[in-house]
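Chains, contacts and geometry: an overview
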Amino acid sequence: MATQNARKNEGEDTVVEVEGRRLRLRRLEKVLYPSTGTTKAEVLTYVTTVAPALLAQLHQRPLTRKRWPDGVASSSFFEKNVPRGMPDWVRTVELDAPGSTKNREKILYPLVEDLAGLVWLVNLAALELHVPQWRVGPRGGVHHPDRLVVDLDPGEGAGLAECAEVALAVRERLADDGLECLPVTSGSKGMQLYAPVSGEQDADVLRSYAHRLAQGLEKDRPDLVVSRMTKVLRGGKVLLDWSQNNSAKTTVAPYSPRGRERPCAAAPRTWDELADADALRQLTLEEVGERYARDGDLLADLGPDAPPGPRVPTS
């Protein structure tokens, strides 16, 4: 783990200094993935390796976390509000919470912007980091989405090979509309495609566009694509989940670990890899870290410093 001045404290704590921030870490030897024996310390090593790219995906996006305090073989929970004991240097933003399952009118979200924030999250066993497709400004104002997401979810009897076939078809349709998309295997079952957009259109416009895209592909490839959530329709097919562009929804951030049996991550991929669909599989934390060290950030065009993309067609 790339921290400085790490030292053992009494009991099971380790005190570290990360880019000038002092953190007390609990039980670094704790196994979070029992099937492979992967420890909290090893997850921290991964997060530290990919931190610049992961932070670019989290930049100015309110963060929902999914936590596994006792490892992925035990229970988990989603957390939106900031937890007790949050360091005072973590930036926050308070947003309206329409439809909150806990009847909250407002939610105070963390905005994680540095390596110390990532280390703090992993210490809490926050393995999955979920974000919306929009950002907030310096004063907390909500911006229009700056990316379109196409979520490809394979039904029973389908897998990554089928997702890759659909992804190539989606890529072609988006290119016809002047949009360029980038593929990410989810670290779970399917994949997402992200396309930079102008940031000048609201989430309803993007959701409607994605819905039309899904319906068109379902019409052309009824053997492979489904646009409706009904599970009975999804056997052997890929759901093109257009609803992920709803402003209230989030997707797992690219480069985020996943809380599955194996220690995998949401991994940026190349289109050449998708063309070789039979060899496609989800990638482990170690593999994603090695790829990032070798190839750099394959999602640089989705980062906060990238130029905006085009507008999506409205009809």
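Everything discussed here concerns the structure shown above.
Computed from a predicted model, the values in this text were never measured in an experiment.

Before going further, it helps to examine the side chain of arginine 61. Mapped onto the fold, arginine 61 is located in the loop between helix 1 (40-58) and strand 6 (64-67). At 3.0 Å, the side chain of arginine 61 forms a polar contact with the side chain of aspartate 146. Not counting chain neighbours up to four residues away, the residues in contact with arginine 61 comprise Pro110, Leu111, Val131, Pro132, Gln133, Trp134, Arg135, Asp146 and Arg147.

The mixed open sheet is built from six strands, whose spatial order is 14-15-11-13-12-17. Two strands bound the open sheet, and with one partner strand each, they are strand 14 (225-226) and strand 17 (267-268). Two strands pair when backbone bridges link them, and strand 11 (residues 147-154) and strand 13 (residues 191-196) are joined in this way by six bridges, in the antiparallel orientation. By the bridge assignment for strand 13, aspartate 151 is matched with glutamine 192.

With 19 residues, helix 1 should cover 27 Å at 1.5 Å per step; its first-to-last C-alpha distance of 21 Å lies more than 12% under that length. At alanine 51, helix 1 shows its maximal kink, close to 75°; a proline, proline 52, follows between one and four residues later. Backbone geometry just downstream of helix 1 places glutamine 60 in the positive-phi region, at approximately 60°.

Bringing the sheet that holds strand 7 (residues 77-79) into the picture now. Across the sheet, four strands lie side by side as 7-6-10-16; this open sheet has antiparallel pairing. Of all strands in the sheet, those bounded by a partner on one side alone are strand 7 and strand 16 (251-252).

Here the focus is the nonpolar core. In this structure, Leu23, Val43, Tyr46, Leu54, Leu58, Leu118 and Tyr255 are the most contacted members of the largest nonpolar core, which totals 50 residues. Breaking this core down by element, the ones donating at least two residues are strand 2 (13-18), strand 3 (21-26), strand 4 (31-33), helix 1, helix 2 (115-123), strand 10 (126-131), strand 12 (182-185) and helix 6 (285-295). If you tally residues by element for this core, the top one is helix 1, at ten residues. Within the second largest apolar cluster, 32 residues are counted, among which are Leu179, Tyr209, Ala277 and Leu280.

Another aspect to go through is the side chain of glutamine 133. Relative to the elements of secondary structure, glutamine 133 occurs in the loop between strand 10 and strand 11. Note on glutamine 133: relative accessible area 3%, which makes it buried. Those residues within four positions of glutamine 133 in sequence are excluded, and the remaining contacts are Arg61, Pro145, Asp146, Arg147, Val149, Tyr194, Gln244 and Thr251.

Turning next to helix 4 (residues 203-220). Every α-helical turn comprises 3.6 residues, leaving residues that sit three or four positions apart pointing alike. With 18 residues, helix 4 extends 26 Å between its outermost C-alpha atoms, agreeing within 8% with the 26 Å of an ideal straight helix rising 1.5 Å per residue. Burial in helix 4 covers these residues: Ala203, Leu206, Tyr209, Ala210, Leu213, Ala214, Leu217 and Glu218. On its buried face, helix 4 sits against strand 11, helix 3 (160-176), strand 14 and strand 15 (238-241). Between the side-chain oxygen of the N-cap and the backbone nitrogen of aspartate 204 there are 3.1 Å, and the N-cap of helix 4 in question is aspartate 202.

Under the defined criterion, the tally for this structure stands at three cavities of 30 Å³ or more. Empty space within the largest cavity amounts to approximately 60 Å³. Looking at the largest cavity, the residues that line it are Tyr255, Pro268, Val288, Arg291, Tyr292, Asp295, Gly296 and Leu298. For the lining of the largest cavity, the leading source of residues is helix 6, giving four residues. A breakdown of the residues in the lining of the largest cavity according to their chemical character gives five nonpolar, one polar and two charged. Taken as a whole, the second largest cavity encloses approximately 50 Å³ of empty space. Along the walls of the second largest cavity sit Val43, Val47, Leu54, Leu118, Leu121, Val122, Ala126, Leu127, Leu129 and Pro257, which together make up its complete lining.

Neither face of strand 6 is exposed, since Thr64 and Lys66 on one face and Arg65 and Arg67 on the opposite face are all buried. Where strand 6 lies against strand 10, four bridges are found, and the strand directions are antiparallel. Looking at the pairing, threonine 64 lines up with histidine 130 of strand 10. Note that strand 6 and strand 7 share three bridges and pair antiparallel. Bridge pairing links arginine 65 to glutamate 79 in strand 7.

Procedures and definitions
Residues numbered from 1 in each chain as written. Predicted model: local features only at pLDDT ≥ 70, side-chain atom pairs only at ≥ 80, totals over all residues. Heavy atoms only, no water. Helix = DSSP H or I, 4+ residues; strand = E, 2+ residues; numbered from the N terminus. Polar contact = N/O pair within 3.5 Å; in protein donor to acceptor, adjacent residues only side chain to side chain. Contact = heavy atoms within 4.5 Å. Pairing = 2+ DSSP bridges. Expected span 1.5 Å × (residues − 1). Bend = angle between axes of the 7 residues up to and from the residue. Core = buried A, V, L, I, M, F, W, Y, C linked by side-chain atoms within 4.5 Å. Buried < 20%, exposed > 50% of the residue type's maximum accessible area, 1.4 Å probe, protein only. 1 Å grid on protein atoms, 1.4 Å probe; cavity = no way out; pocket = protein on both sides within 12 Å on 5 of 7 lines; lining within 4 Å. Points joined across faces, edges and corners; volume = space filled by probe spheres on them. Nonpolar A, V, L, I, M, F, W, Y, C, P; charged D, E, K, R; others polar.

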